[in-house]
Amino acid sequence: MSLLTNLLCYLKLDEAANTTRADSSGNGNNFTDTSSNVGSVAGIIGNAASFIKINQRLTKASQIISSGAFTVSGWVKMTSALANSYLWSQALTTVSKQNIVILSTGHVQCSVNGSADLDVAAGIVAGSWYHIVMRFDPTVASGTVNLYINGVFLGTDTGKAFLNTATASYIGYPSSANTASAFAAIDECGMWSRALDDGGVALNGTAGGEIAQLYNRGAGFTYPFTAATSSSTTP
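Residues numbered from 1 in each chain as written. Predicted model: local features only at pLDDT ≥ 70, side-chain atom pairs only at ≥ 80, totals over all residues. Heavy atoms only, no water.

## Here we look at the sheet that holds strand β9 (residues 118–120)
- Taken together, the 6 strands give an open sheet; going across it, the order is β4-β13-β6-β7-β8-β9, and neighbouring strands pair in antiparallel fashion. Strand pairing shows two members of the sheet lacking a second neighbour, β4 (57–60) and β9, which therefore form its edges. Averaged over all pairs of adjacent strands, the angle between strand axes in this sheet comes to 15°, irrespective of strand direction.
- With 4 bridges joining them, strand β6 (residues 85–92) and strand β13 (residues 168–172) adopt antiparallel strand pairing. Note on β13: the bridge partner recorded for Ala91 is Ala168. (Pairing = 2+ DSSP bridges. Helix = DSSP H or I, 4+ residues; strand = E, 2+ residues; numbered from the N terminus. Axes fitted to C-alpha atoms, helices over the stretch in contact; angles between N-to-C directions.)

So this is what it looks like as structure tokens:
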């Protein structure tokens, strides 16, 4: 299956600072700089969005992922001492419902229903790029959340139900009321309305399939997902 299949939004985040970040998928899910001054720095491919102050965020004033299976993928580099920092979220006013969060401990948390469904000791440190993928499949074990870091299947949890009450989508902070501190660069964020293929990998193994394609041995893989858009050969 092509990575274009069921692609809802793909943000290359190559744009200049203080501008709207365009959805390359053609679905019109552009994210605006509602906090002002989201910067631009060198990314894993091209440029990346830079978050260096409390409450910086890019916003889409609607819920992009509404129900069912989904996958969210992105690259993140913590640029100073770690703090609790959002990569992606969907929220209702000030309350996050779905999210991927890098914690000050180097852990990564993700949620489909407003709680910390999965907390993985990922060993995140400042100064390095990490590829993070959250995958949700409601048809497996009454709702299964998987987390992949740099192509490795690091965590899973079951019995999770999607809480379909969010009203907006964010890269960075989920609201102006959030008091966490992010010092991060974020790049190449994709959202799909299906669970991407991981090659059937076992826990703690190296993923295959589409998740391996996106990681691309640490080089990344960008829309429209052809060999020419990658800086090295996919596995």
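## Things to note about the nonpolar core
- One finds Phe70, Trp88, Ile100, Val108, Ile132, Ile171 and Met191 to be the most contacted residues of the largest nonpolar core, which totals 38 residues.
- Ignoring anything within four residues of it in the chain, the contact list for Met191 reads Asn6, Leu7, Leu8, Cys9, Phe31, Ile64, Ile65, Thr71, Val72, Trp88 and Ile171.
- Grouped together as the second largest cluster of nonpolar side chains are 14 residues, Leu3, Ile211, Leu214 and Phe225 included. (Core = buried A, V, L, I, M, F, W, Y, C linked by side-chain atoms within 4.5 Å. Buried < 20%, exposed > 50% of the residue type's maximum accessible area, 1.4 Å probe, protein only. Contact = heavy atoms within 4.5 Å.)

## Here's the deal with the confidence of the model for the chain
- When pLDDT is averaged along the chain, the result is 90; 92% of the residues meet or exceed 70.
- This stretch, residues 231–235, has a pLDDT under 50; its non-local contacts, to residues over four places away or in other chains, come to 13 contacts. (pLDDT = per-residue confidence, 0-100.)

## Points about the side chain of Thr222
- Assignment of secondary structure puts Thr222 in the segment after α1 (209–215).
- Reaching out from Thr222, the side chain makes a polar contact with the side chain of Glu188 at a distance of 2.6 Å. (Polar contact = N/O pair within 3.5 Å; in protein donor to acceptor, adjacent residues only side chain to side chain.)

## Considering the side chain of Glu188
- Counting through the fold element by element, Glu188 comes out in strand β14 (residues 184–192).
- Among buried Asp, Glu, Lys and Arg side chains, Glu188 stands out as unpaired, with Lys12 the closest opposite charge at 6.6 Å.
- At 2.6 Å, the side chain of Glu188 and the side chain of Tyr10 are in polar contact.
- In this view, Glu188 contacts Tyr10, Leu11, Lys12, Leu13, Ile44, Ile45, Ser73, Gly74, Trp75 and Thr222; residues no more than four positions away in its chain are not counted. (Lys, Arg positive; Asp, Glu negative; His and termini not counted. Salt bridge = Lys/Arg side-chain N within 4 Å of Asp/Glu carboxyl O.)

## A look at the packing of aromatic side chains
- Across all of its chains, the model carries 10 aromatic pairs by this definition.
- On the numbers, 5.9 Å between centres and 80° between planes, the contact of Tyr223 with Phe225 is edge-to-face.
- Put simply, the rings of Tyr10, Trp192, Phe221, Tyr223 and Phe225 touch in pairs and so form one group of aromatic residues. (Phe/Tyr/Trp six-rings, centres within 6.5 Å; stacked < 30°, edge-to-face > 60°.)

## Details of the pairing of strand β10 (residues 129–137)
- β10 sits mainly inside the fold: 9 of its 9 residues count as buried.
- Of the two faces of β10, the one holding Trp129, His131, Val133, Arg135 and Asp137 and the one holding Tyr130, Ile132, Met134 and Phe136 are both buried throughout.
- Relative to β10, strand β5 (residues 70–78) runs antiparallel, the two being bridged by 8 bridges. What sits directly across from Trp75, in β10, is His131.
- Pairing between β10 and strand β11 (residues 144–149): 6 bridges, direction antiparallel. Opposite Arg135, over in β11, you have Asn146 as the bridge partner.

## Thoughts on unusual backbone geometry
- Look at the link from Tyr223 to Pro224: it is a cis peptide, with omega at 10°.
- For Pro224, the location among the structural elements is in the segment after α1.
- Despite not being glycine, Asn18 has its phi angle at roughly 65°, a positive value.
- Structurally, Asn18 is set in the loop between β1 (7–11) and β2 (39–42).
- Phi at Asn216 is positive, roughly 50°, even though this residue is not glycine.

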